[in-house]
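Chain residues, written in single-letter form:
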Amino acid sequence: MMRGAPSQHVSGTRTMVNFRRRIGVVAVLITLAGSQAHAADPVANPKLTARIDDLLEQQWQADGIEPTRPTSDAEFLRRVSLDLTGVTPTVSAVRDFLADTDPAKRSKLIDRLLDSRRHAVHFARIWREVMLPSSTNEQFRLGAAAPFERWLEQQFVDNRPYDETVRELLVTTGQVNAVGPALFYQAVQFKPEELAASTSRTFLGVQIQCAQCHDHPFDQWTQKDFWGFAAHFAQLRRPDDVAQFRGLVVDTGTGEVMLPDTDVVVQPRLLDGRHLDEALTAGTRREQLARWLASADNPWFARATVNRVWALLFGRGFVDPVDDFGQHNHPSHPELLDLLARDFADHDFDMRRLLRVLTRTRAYQLSSEVTYDAARRRHAFAAMSVKSLSADQIYDCLQRVTGNRLLSSGPPSSSDVAARRAFLAKFDAPTQQVTEFQGGIPQALAMLNGQVVADASHWEKSDLLVAVTDSPFFSNAERLEILFLAALSRMPTDDERNRFEEYIAVPGGEFEASRRLADVLWALINSSEFILNH
Amino acid sequence: MTINRHSTRGRTACPVAATLSRRGLLRATLGGLAGAGACGWMPAFAERFADDPQRTRHCVLLWMAGGPSQIDTFDLKPGHANGGEFKEIETTVPGLRFSEHLPRLAQLADHMAILRGMSTAEGDHGRGTYLMHTGRPPEGPIRYPTIGAAVSKELSDATAPLPGFVTVAAGQTFNRAAFQSGFLGPRHAPLAVAARNDVRSLQQIEADQDFARLEIEDLGPPAEVGLGQAARRARLLQELQSDFTARHVGGASAMHHTTVQRAIQMVHSDAADAFDLTTEPDAVREMYGRGRFGQGCLLARRLIERGVPFVEVVLGDQGGWDTHTANFPSVAALSAELDAGWASLMEELNDRGLLESTTILWMGEFGRTPRINGNAGRDHFPQAWTSVLAGGGINGGQAYGQTDAGGMTVVDGALSVDDLLATLCGAVGVNSRKQNISEVGRPIRIVDGKPVSELLSDPIVDPPAAEES
């Protein structure tokens, strides 16, 4: 009854589109030769990488900790692709990488990933989560967060020095819905105390907000520190000035903060105790703050940033949680933290350089396989932590497995947006604690039985499965291989080959074979190996 | 290959009954997948229940979406111009009177504390829904967890066969975040049971002599996946899992593995029978009411019997209580549903000795204007309204708080949302001052208010000083 003429028409169109896409998929699946041309390694910094390796190794020896084995090529490729671009590699990318005999192929891969648009897209998402409170995710996901994310994406495309990006955010002016970084202010309703809390936590890694109402119970911060910091945001025009506001981020030149329940005005004061000296007093209060905050002179900025990036790659920071530096929470590897912070500041806060250095370390390239002494080895970075994927990463990996092309940028179709949004709403989790799996029974059921996975592993809806099944020139062994490469970015083991080939090779012809392949893909997608970064 | 091309488009309706019979067959074929402990847990569980003096406490939140009219339910103003059409009736508690449309609840009034002094500051549906579910206005950087997530986190057992928090018929109208686990993360999010493929009105369901069909999202495999196929898939997954989990001990991999096992165990074990309302006699099902709310209350009873600590059941999901026009016929109809579902739930829990360990909270996002508007309706009114606490831990048989003759202001016993939710925590033995670490690193109490000792049957002697996290 529901299937009238219009839906027939739609399905006809879809079939044609699918047909064209499938041809593309087959072409990609059988392509073995990839482009191997690379620019020469631009910033090889073997010295710093070696120094990091030395420091960690000394610590392991001192503590009697045994590092795990190095990753295989396939393990490394999957991990570094997820960490730097947010998604698993394509089947052909895995094949190319495994076949590549260049001894420098890992470094070259890192450079390639860092230069890709996907890297900018992925890091823009991560930094949006870092910079905006998660309460804004829902309301702004499709609204003002889009310009914010596009602005961030451009920063990463250009590899703009991180201090410049942060300064631009801190001094931005303009219309909140048009100027990307303006959302930083709107998200907390332009409140000086919220801006003080989020700015110090996000960029300096310190929690001064406990000092909002009283001196901090176990850290150094006083109530005056907090409000002195907040005073830098006191002269923004507030939305409660209804007549004047007009949705603009603008400094008015007037406005002060007072200690709560008093008339005591607090003047701007930096967290290192300095009042603004003459070199810093030019311009608006926000400009004054920005010049100090995002600079090499600031004792927290570089340390907080490298610690956050380390945690992104290794699952936990030297200081953990990453936004809680202080006397009460000493870094696990102080010398390493200082080394990285100094290097980051000395090299123009170059984010790509930092990522390049860290992903080349021995520690980053250690296997995550541990069967004993697991927690201790993980904390010592002598074994890679197994990390949860973000909701975005899971969704993109599912798209990749189905053979759907990932939109690197630009507006996706409305049905894609709706599907993605529903999925993200279900799997969205706070960004901290990536070393824990965040999902519960509803998320597990959605993976086992839900629509997105059902479609991704459907013998007629998955472009990958259709391409694999319909191509007569593939043997079952090859079909199996493609499914493993697509879902887990590795070849099946001998044992898996035996078991799964036997599973696929049943009588029943093409009909049964396509369903058996779908079963294998479903099981791969539901495995821990798929949904975790290891 | 093409024969199924069209039939697989979209998902076929898959009501619980059908899903469960599919599941029953699956269970037979799956054998040990969910582990040996999966079968026959129910008797052992019931035993543990009866013996344990500190036995599990439960909570049922009856959420009235749209904002129910206090003057037409629990705080009537007979003889006043604001009073409206409904008459008062006596309850089992002398002097305590309800609307004539709540006759069965009137017989249970000794279990109920009517909180007539509710006073809040949010008159918008979305903001009010968030405020009442989290105890905080929707502002600032923190995503506060819904009260069901925060309380079930304290009460639930991570190894239990069923999840700790289930919502029924919650379409999350007005404010999605109000129904979510916020900074506690998806691990504490509710398992949602809803009438996804049953859009019939109550009248239509009654005309069909049928019951609302409630389904758990994603409980069974998609329609296009056959029974044998689903069983084979689960075995394949098991093989893959055991290898990876053994090579990556602890951490995220162990947590993922456990979660998937729990989900599979729930689908394939007796536990999911809790959701199969067809095993209840028709007379019982009818007593609760044939609609989503009534069947939801029945489901709540079944879940509580099986140890689920927190169940939220929604009445009027599309804003049914938002009676700006034609208030009286709407409230009469909703009251009939409310009376049947809620009274049956309390009666049956009481019969089973479970009412004393189950606290029930009835509320909406705000009340409604005492003054009747030009469309015979009532508008939003957060200044003075009513909620109800009932059952375990509650000092029942009282009206707490009072409004003036016209119902315009609270004259005694004003109650804020924090104090209301803190009292709920007190009744179920949860320390409302317990702190969780929010996504901005700030420790956040479950709620900031204080339990009202007059409302608790075992008043908290000394609010615990310790605020662990």
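Given the structure is predicted, the values throughout are model-derived calculations rather than measurements.

Caption draft 1: Main features of the overall build of chain B. A tally of helices and strands in chain B yields 12 helices and 17 strands. Evaluated residue by residue, chain B yields a buried proportion of 56% over its 469 residues. Across chain B, every contact between residues at least 6 apart in sequence was considered, and the portion connecting residues at least 24 apart equals 75%.

Caption draft 2: How the structure looks around the overall build of chain A. The number of helices and strands found in chain A is 27 helices and 6 strands. Sequence separation of 24 or more characterises 70% of the internal contacts of chain A that already satisfy a separation of 6 or more.

Caption draft 3: View of the packing of helix α5 (residues 105-114) of chain A against helix α17 (residues 351-359) of chain A. All names here are of chain A. Between α5 and α17, the shortest axis-to-axis distance is 10 Å and the interhelical angle comes to 150°. Viewed along their axes, α5 and α17 adopt a mutual orientation that is roughly antiparallel. Considering the relative orientation of α5 and α17, their crossing is right-handed. For the pair α5 and α17, the contacting residues are I110, D111 and L114 in the first and R352, L355, R356 and T359 in the second. Residues belonging to the contact of α5 with α17 are distributed by class as follows: 3 nonpolar, 1 polar and 3 charged.

Caption draft 4: Layout of the sheet that holds strand β4 (residues 112-118) of chain B. Residue and element names in this part refer to chain B. Spatial strand order, β7-β6-β5-β8-β1-β9-β12-β4-β13: 9 strands in an open sheet with mixed pairing. One side of each edge strand has no neighbouring strand; the edge strands of this open sheet are β7 (215-216) and β13 (398-400). Both strand β9 (residues 358-364) and strand β12 (residues 385-391) contribute to a ladder of 4 bridges, which runs antiparallel. Each bridged residue has a counterpart across the sheet, and for L361 the counterpart in β12 is L389. Along the sheet face, helix α11 (residues 327-351) touches β1 (58-64), β8 (310-315), β9 and β12 and points at about 160° away from the line of β8.

Caption draft 5: Inspection of the interface of chain A and chain B at higher detail. Contacts between chain A and chain B engage 65 residues on the former and 55 residues on the latter. Here the side of chain A that touches chain B is composed, by residue class, of 26 nonpolar, 23 polar and 16 charged.

Caption draft 6: Geometry of the environment of A:I525. All names here are of chain A. With respect to the element layout, I525 can be found in helix α26 (residues 509-525). Separated by 41 residues in sequence, I525 and F484 have C-alpha atoms that sit 9.8 Å apart. Setting aside chain neighbours within four positions, we find I525 in contact with V401, V453, A456, S457, A487 and F530.

Caption draft 7: Expanded view of α26(A). Residues and elements named next belong to chain A. The first and last C-alpha atoms of α26 sit 25 Å apart over 17 residues, in line with the 24 Å expected at 1.5 Å per residue. Counting buried residues in α26 gives 12 out of 17 residues, a clear majority hidden from the surface. S514, R515, R516, L517, A518, D519, V520, L521, W522, A523, L524 and I525 are the residues of α26 that are buried.

Caption draft 8: Spatial organisation of the confidence of the model for chain A. Residue and element names in this part refer to chain A. Across chain A, the average pLDDT comes to 85, with 86% of residues at or above 70. Considering each helix and strand of chain A separately, the mean pLDDT is smallest for helix α1 (residues 5-30), with a value of 47, and largest for helix α3 (residues 73-85), with 98. Low pLDDT, under 50, characterises residues 1-20; the predicted model gives this stretch 4 contacts beyond four residues in sequence or across chains. For the stretch residues 31-43, pLDDT sits under 50, and the model shows 12 contacts to residues farther than four places along the chain or on other chains.

Caption draft 9: Summary view of the nonpolar core. Within the largest apolar cluster, 267 residues are counted, with the highest numbers of intra-cluster contacts made by A:L483, A:L524, B:L62 and B:V168. In terms of residues, this core owes the most to one element, helix α15 (residues 301-314) of chain A, which gives 10 residues. Every residue in contact with A:L524, bar those within four places of it in the chain, is listed here: A:L483, A:F484, A:A487, A:L488, A:F530 and B:L240.

Caption draft 10: How the structure looks around the environment of B:I264. All names here are of chain B. Inspection of the secondary structure puts I264 in helix α8 (residues 251-268). Under the C-beta neighbour-count criterion, I264 is labelled buried, with 23 such atoms within 10 Å. Taking the C-alpha atoms as reference points, I264 and W385, separated by 121 residues in sequence, lie 44 Å from one another.

Caption draft 11: Summary view of the pairing of β1(B). Residue and element names in this part refer to chain B. Burial analysis of β1 places 7 of its 7 residues in the buried class, which makes it a mostly covered element. Of the two faces of β1, the one carrying H58, V60, L62 and M64 and the one carrying C59, L61 and W63 are both buried. Of the pairings in the sheet, the one linking β1 to β9 comprises 7 bridges and is parallel in character. Bridged to L61 within β9 is L361.

Caption draft 12: Representation of unusual backbone geometry within the structure. Cis geometry marks the peptide bond from A:D320 to A:P321, where omega comes out at 0°. Locating A:P321 in the fold gives a position in the loop between α15 and α16 (334-346). In the Ramachandran plot, B:D218 falls in the positive-phi region, its phi being about 60° despite a non-glycine side chain. Along the chain, B:D218 falls in the loop between β7 and α7 (227-247).

Caption draft 13: Up close: the packing of helix α6 (residues 117-131) of chain A against helix α8 (residues 145-157) of chain A. All names here are of chain A. One can describe the packing of α6 onto α8 by two numbers: an axis separation of 8 Å at closest approach and a directional angle of 125°. By the criterion of interaxial angle, the relationship of α6 to α8 is oblique. As α6 runs across α8, the sense of the crossing is right-handed. Residue-level contacts link H119, A120, V121, F123, A124, R125, W127 and R128 of α6 to A145, F148, E149, L152, E153, F156 and V157 of α8. For the contact of α6 with α8, the per-class residue count stands at 10 nonpolar, 1 polar and 4 charged.

Caption draft 14: Molecular detail of α6(A). Residue and element names in this part refer to chain A. Relative to the 21 Å expected for 15 residues at 1.5 Å per residue, α6 spans 21 Å between its end C-alpha atoms, a close match to the ideal helical length. Among all positions of α6, only H119, A120, V121, H122, F123, A124, R125, W127, R128 and M131 are buried. Elements that come into contact with the buried residues of α6 comprise α3, α5, α8, α10 (183-186), α11 (192-204) and α19 (391-402).

Caption draft 15: Expanded view of the pairing of β8(B). Residue and element names in this part refer to chain B. For β8, a buried count of 6 out of 6 residues is recorded, marking the element as mostly surrounded by other parts of the structure. Alternating positions in β8 separate into two faces, F310, E312 and V314 on one and V311, V313 and L315 on the other, with burial throughout. For β1 and β8, the ladder comprises 6 bridges, and the chain directions are parallel. Residue V60 lies in a different strand from β8, and its bridge partner there is V311. Relative to β8, strand β5 (residues 165-168) runs parallel, the two sharing 4 bridges. Paired with V168 across the two strands is V313, which belongs to β8.

Caption draft 16: View of the environment of B:A300. Residue and element names in this part refer to chain B. By the element assignment, A300 lies in helix α10 (residues 292-305). The exposure class of A300 is buried, given the 30 C-beta atoms found within 10 Å. Dropping the residues within four chain positions of it, A300 is found in contact with V60, V168, V311, V313 and L345.

So, how was this worked out
Residues numbered from 1 in each chain as written. Chains lettered and ligands numbered in written order. Predicted model: local features only at pLDDT ≥ 70, side-chain atom pairs only at ≥ 80, totals over all residues. Helix = DSSP H or I, 4+ residues; strand = E, 2+ residues; numbered from the N terminus. Buried ≥ 20, exposed ≤ 12 C-beta atoms within 10 Å, placed from the backbone. Contact = placed C-beta atoms within 7 Å. Axes fitted to C-alpha atoms, helices over the stretch in contact; angles between N-to-C directions. Parallel < 35°, antiparallel > 145°, perpendicular 65-115°, else oblique. Left-handed = near helix turned anticlockwise from the far one by under 90°. Nonpolar A, V, L, I, M, F, W, Y, C, P; charged D, E, K, R; others polar. Pairing = 2+ DSSP bridges. Expected span 1.5 Å × (residues − 1). pLDDT = per-residue confidence, 0-100. Core = buried A, V, L, I, M, F, W, Y, C linked by C-beta atoms within 7 Å.

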